[in-house]
Each structure stands twice: as structure tokens, then as C-alpha cells.
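Chain by chain, the residues run as shown.
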Amino acid sequence: MTKHLLLGRTLGFSGHPLTQDWADAVRYDPAGGVLIAAGKITALGDGAALRAAHPDARLVDYGDKLISAGFVDAHMHYPQTGIIASWGKQLIDWLNTYTFPEEARLADPAYAAAIANRTIDLAVAHGTTTLTSFCTIHPASVDAFFTAAAARDMAVVAGKTCMDRNAPDNLRDTAQAAYDDSAALITRWHGTGRATYAITPRFSPTSTPDQLAALGALWAAHPTCLMQTHLSEQLPEIAWVRDLFPQARDYLDTYEAFGLLGARGIYGHAIHLEPREIARLAEVGAAVVHCPTSNSFIGSGLFDLIGLARAGLTIGLATDTGGGSSFSMLRTMAAAYEIGQLRGVALHPAQLMWLATEGSAQALHMSGQIGHLGLGAAADITVLDLASTPAIAQRSARADDIWDALFPTIMMGDDRAVADVWIAGVRQGIA
Ligand code: GUN
Ligand code: ZN
């Protein structure tokens, strides 16, 4: 069996740097090594010692580059790749003007396959090794995404987006079709290779109570599936939900009432939460996902990362492509930092890197398997060049510790900072 030994600076985590002192959660080695065999990380530690212990391993010496777990994007929409960075609209107008017309084009399976492959290529080039995606209402759009990911042996989460109201005719299903199509896709894909299925009601405004109830029943029948949706992203959206569900206590209740609140639920955005919603999300152990470039781009608001972490919520980090304005989890970390600053909090680079790897993996219930530079984890690895552009290089040259060396790449880096990517132990050859 071929073994690979990667040498370089290594950064991993053994704790939770948002709820404990970040320094106690970090494992950093300036001359580390990562041994890979059969798609997994099989040893980790001092580079020279690993080299002596494994003379048969093929060496890849990254010098002073930084070896990290691959980035895990906990919420995005692959069908929106073609309309990323579309000008001038806030959420509901943005959906109607740009998003729905483009999603309708994915009725063509060949177009869906092209966009799925394009999205995954872009993600990998940006150092992202797991995507969590909404698809469209078309089951073939789900097949296209899982097929494209399987070709790269990539761990992904995805599901058919379900909508049976407040969407164009050609993007509506029914409660029964949403149930039946999703059930068939679960049978085909959930647990196939590295695929995980997420039952996917888009958000309460585009599902009737019947459809939400049908999807709640489907989740109860398939409890190992994840469930992904949107929650409390923009104030006009929340007002609309109040009109559509007058009996609901709050936005979260429109999911809870229909069996769509649970530990394996992943709620995107979650910006404008009521105290009851925060308490319930914490009580059931659900995850919320911070989508900072999207929250600025669409004008949604300032996510309360530290407050929600302290309340005990699991928090992932995500691009939310194409409401988000970047494919890069580096740019996404930068946006999280900027939103933190607007709330009076300076997130540490260790906290940002943790969110982009371990935090998102935790939100997906895949801790220790992905987003983790540790024994037994999948060898999904991203190698960062901390001097990828002249602007970054002149700044990182002054650094006197790893955090001061890394932070300029978080703030200013893009796909040029991604020196290499490994997925399930296979080098992707992007450099
Ligand atoms: N809410 C419902 N659908 C969407 C979407 O596609 N993107 C974002 N950002 N929010 C949504
Ligand atoms: Zn979204």
C-alpha cells in the first residue's frame, strides 16, 4: 500500500477555541508531518521522526507552507454558481430576479451536470474538500451533484430543494412529490460512498404546512439523514413568515411544529433569532451556519457568533454561494472577522480556521471524520502558501508567530494561496 508523508507546518485542533481559551485548543507544529495511507491520516507528529519511522513513505515536502484539514463549507447552493455576484437586490427580490430563473435551467440534466462539475472544481481550487449544497427541485440535479462529487471521492451533503408555493410554476413540486422524490434520492445516495443526504425544504415561505409535515415525516422515517434549511435571514422574510404562519410562536416554530427541528438539523443564517429560538436550538443540539459574505452581500445583518456559541449552539461556516459573494473559505473567514469587528469582537485566526474546518464538520455530525487533522480522519487536506501574492508576502515576512503569518492570508488570500489539496488521500494536482 502506498503511503505518503507530507512535511510542513501543521495546524490542527484538539478542543473548541470558541468556548475555551483558543491556545488550549490548538495543535501547531512548525516542522510537522502527516502520514497518509488508504485515504486516511494514519500518523501525525514531528516531521523528522515520522520520516525516520516510515522510510517507505513517499515524501511531499511543503517547506514552510501550512498543512491544514481541508475546508468544510456547511451551506451553499451549487445551482447558483452561474449567478454569483449579481447586483442590486435583497433576499426576496434576489431570489425572484436572479435565483429562480437560473435554478429553472437545471431542469436540463446536462446543464445541471456542467454546473455541478464546475462548482466542485472551483471549490477544490479554493481548498474546500466538503460542500453542503442545496440542489434544485429536479431530482436529476441531485444525481448530478452526488455523481460529480463521487468522481472525486469527495464527502458531500446535498438534497433536493422542496418548494410547493411562492415560487414559479416550473420550480414547484407538491407535498407528495417532495416526499416521494426525496425518499427515492435517500435510497440512491444516502451513505453511498461519501455521500450524505440532507432533507431540504428551502425555507418556510416556499413550503405549505402540508409539505413541511411531509418532510418532517420523511425525516422521522430516515433519522440518520441531515435536514437543511434557512432561518431568520432578513427582517422582511421574518415578517412574511409571520403572515404565512400566524399560529407559529416564531420562525423556528414553523419548522418545529412539523417535525423539522432536531439535532441533525442545519439552519442557515440564523441572524435575527428570538431568545426562545436560541434556547430551543441549543436544547435540541441543532446547528446554525454563519454565512458572512452572503449576509453582507444581500444586506441581511450581523450574525452573533460569540453569543450563539456561548449559548451552546453548534456553529458552522459557509460561503452560501451564490448569495455569498465568494467560493473561498479564506474570504469567508475574512468576512466573519469583519462582522465580528462590527459587533466589537476580534475573532482569532485559530477560531476562524477552526470554524472553517472542525466547526463545520461538527455542524454536519462528521467530527473526527472530516475537517480534522488527526488520527483516523479522512485525508482531506489543504496546504496553504502564506506568501501567495506580493501584498501578502511582504506582510507575512514580518510575522513573528504562526498567527501573524496566517492572518494576512485569511484576510487577503484567495485560490492563489491554495498550494495543494488532497481528497481521501489523493492529490488533486491543482498547484
Ligand atoms: N432563503 C431561501 N432561499 C435562499 C437562497 O437561495 N439563498 C439565501 N441566501 N437565502 C435563501
Ligand atoms: Zn442558502
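Residues numbered from 1 in each chain as written. Chains lettered and ligands numbered in written order. Predicted model: local features only at pLDDT ≥ 70, side-chain atom pairs only at ≥ 80, totals over all residues. Heavy atoms only, no water.

**Considerations on unusual backbone geometry**
Short version of the rule: By the criteria applied, helices consist of DSSP H or I runs no shorter than four residues and strands consist of E runs no shorter than two, each listed in order from the N terminus. Each residue is placed in one exposure class: buried if its accessible area under a 1.4 Å probe, protein chains only, is under 20% of its type's maximum, exposed if it is over 50%, and partly exposed if it falls in between.
Between Thr321 and Gly322 the backbone carries a cis peptide bond, its omega angle lying at -5 degrees. With a phi close to 85 degrees, His269 is a non-glycine residue in the positive phi region. Counting through the fold element by element, His269 comes out in strand E11 (residues 265–269). Overall, the relative accessible area of 0% leaves His269 in the buried class. Positive phi, normally seen in glycine, also occurs at Asp320, with a value near 55 degrees. Its location among the elements puts Asp320 in the loop between strand E13 (314–317) and helix H13 (329–342).

**Quick word on the pattern of salt bridges**
Note the threshold: For this document, the term salt bridge refers to a Lys or Arg side-chain nitrogen within 4 Å of an Asp or Glu carboxyl oxygen.
Taken as a whole and judged by the stated rule, the model has 19 salt bridges. Asp143 is the partner of Arg188 in a salt bridge, and the nearest nitrogen-oxygen pair spans 2.8 Å. Pair noted here: Arg188 is in helix H6 (residues 175–189) and Asp143 is in helix H5 (residues 139–150), with a separation of 45 residues, a long-range link. The exposure class of Arg188 is partly exposed, given its relative accessible area of 42%. Residues joined by salt bridges that share partners form a network here, namely Arg249, Asp250, Asp253, Glu256, Arg276, Arg280 and Glu283.

**What about the site of ligand 1?**
Which entries qualify depends on this criterion: For this description, a residue counts as near a given molecule or strand if any of its non-hydrogen atoms is within 4 Å of it. Throughout this description, a polar contact denotes any pair of N or O atoms lying within 3.5 Å of each other; where both atoms belong to protein, one of them has to be capable of donating a hydrogen while the other can accept it, and for residues adjacent in sequence the pair is counted only when both atoms sit in side chains. Throughout, the Shrake-Rupley method with a 1.4 Å probe supplies accessible areas, and for residues the shown protein chains are the sole cover considered. Residues are grouped as follows: Ala, Val, Leu, Ile, Met, Phe, Trp, Tyr, Cys and Pro are nonpolar; Asp, Glu, Lys and Arg are charged; every other residue, Gly included, is polar.
The environment of ligand 1 is made up of 13 residues, and the closest members are His77, Gln80, Arg202, Glu233 and Asp320. Within the contact set of ligand 1, a nitrogen atom lies 2.7 Å away from a side-chain nitrogen or oxygen of Glu233. With respect to ligand 1, the side chain of Asp320 contributes an N or O atom lying 2.7 Å from a nitrogen atom. Taken by itself ligand 1 offers 280 Å² of open surface, and the protein chains cover 100% of this. Tallying contributions element by element places helix H3 (residues 91–105) first for the shell around ligand 1, with three residues. Here the shell around ligand 1 is composed, by residue class, of five nonpolar, five polar and three charged.

**Things to note about the UniProt feature "domain: Amidohydrolase-related" (unreviewed entry) in the chain**
What counts is decided by this rule: UniProt positions are given in the numbering used here, feature names are shortened, and annotations may be inferred rather than shown by experiment.
Look at the UniProt record and you will see "domain: Amidohydrolase-related" (unreviewed entry) annotated at residues 67–425. Structurally, residues 67–425 is divided into 44% helix and 16% strand, and its ends, taken at the C-alpha atoms, are 14 Å apart.

**What to know about the sheet that holds strand E3 (residues 40–46)**
The pairing of strands in a sheet comes from backbone hydrogen bonds and takes either a parallel or an antiparallel form. This is how it is decided: For two strands to be treated as a pair, DSSP must find at least two bridges joining them. Every residue pair with non-hydrogen atoms within 4.5 Å of one another is taken to be in contact. Every axis corresponds to a line fitted to the C-alpha atoms, with the helix fit spanning only the stretch in contact, and the corresponding angles, defined between N-to-C directions, vary from 0 to 180 degrees.
Strand order in the open sheet formed by seven strands is E3-E2-E1-E4-E14-E15-E16, with mixed pairing between adjacent strands. Each end of this open sheet is capped by a strand with a single partner; those strands are E3 and strand E16 (426–427). Where strand E14 (residues 381–384) and strand E15 (residues 418–423) come together, four bridges link them in antiparallel fashion. Bridge pairing links Val383 to Asp420 in E15. The strands touched by helix H16 (residues 402–412) are strand E1 (3–13), strand E2 (26–37), strand E4 (58–69) and E14; relative to E1, the strand with the most contacts, the crossing angle is about 95 degrees.

**Here's the deal with the pairing of E14**
On E14, burial covers both faces: Ile381 and Val383 on one face and Thr382 and Leu384 on the other are all buried. Inspection of the sheet shows E4 paired to E14 by four bridges, in the antiparallel sense. Note that in E14 the partner of Ala69 across the bridge is Ile381.

**Describing the environment of Phe134**
With respect to the helices and strands, the residue Phe134 is situated in strand E6 (residues 128–134). Here Phe134 falls in the buried class, since its relative accessible area comes to 0%. Measuring from C-alpha to C-alpha, the distance between Phe134 and Gln80 comes to 9.5 Å, with 54 residues separating the pair along the chain.

**Here we look at H13**
Inclusion rule: The length a helix should cover is 1.5 Å for every residue beyond the first.
Under the 1.5 Å per step criterion, the end-to-end length of H13 is 20 Å for 14 residues, consistent within 8% with the ideal 20 Å. Along H13, 10 of the 14 residues are buried, which leaves the element largely enclosed by surrounding structure. Within the span of H13, buried status applies to Met329, Leu330, Thr332, Met333, Ala334, Ala335, Ala336, Tyr337, Ile339 and Gly340. Sitting at the head of H13, Ser328 places a side-chain oxygen 3.0 Å from the backbone nitrogen of Leu330. Positive phi appears at Gly344, one or two residues downstream of H13, with a value of about 85 degrees.

**Regarding the coordination of the zinc ion (ligand 2)**
Here is the rule we go by: Each metal site lists N, O and S donors within 2.8 Å (3.2 Å for Na, K and Ca). With water left out of the atoms, a site can look as if it is missing ligands. Angular criteria define each label, namely tetrahedral for four donors with all angles between 85 and 135 degrees, square planar for four and octahedral for six donors with opposite donors over 155 degrees apart and remaining angles between 65 and 115, and irregular for whatever fails these tests.
In this structure, His75 (NE2), His77 (NE2), His230 (NE2) and Asp320 (OD) serve as the protein donors to the zinc ion (ligand 2), at separations of 2.0 to 2.5 Å. Taken together, the four donor atoms coordinating the zinc ion (ligand 2) span angles of 90 to 160 degrees at the metal, a pattern that classifies the geometry as irregular. Mapped onto the sequence, the residues coordinating the zinc ion (ligand 2) show the spacing H-x1-H-x152-H-x89-D. Placement of the pair is His230 in strand E10 (residues 226–231) and Asp320 in the loop between E13 and H13, with a sequence separation of 90 residues. Asp320 sits in the buried class, given a relative accessible area of 4%.

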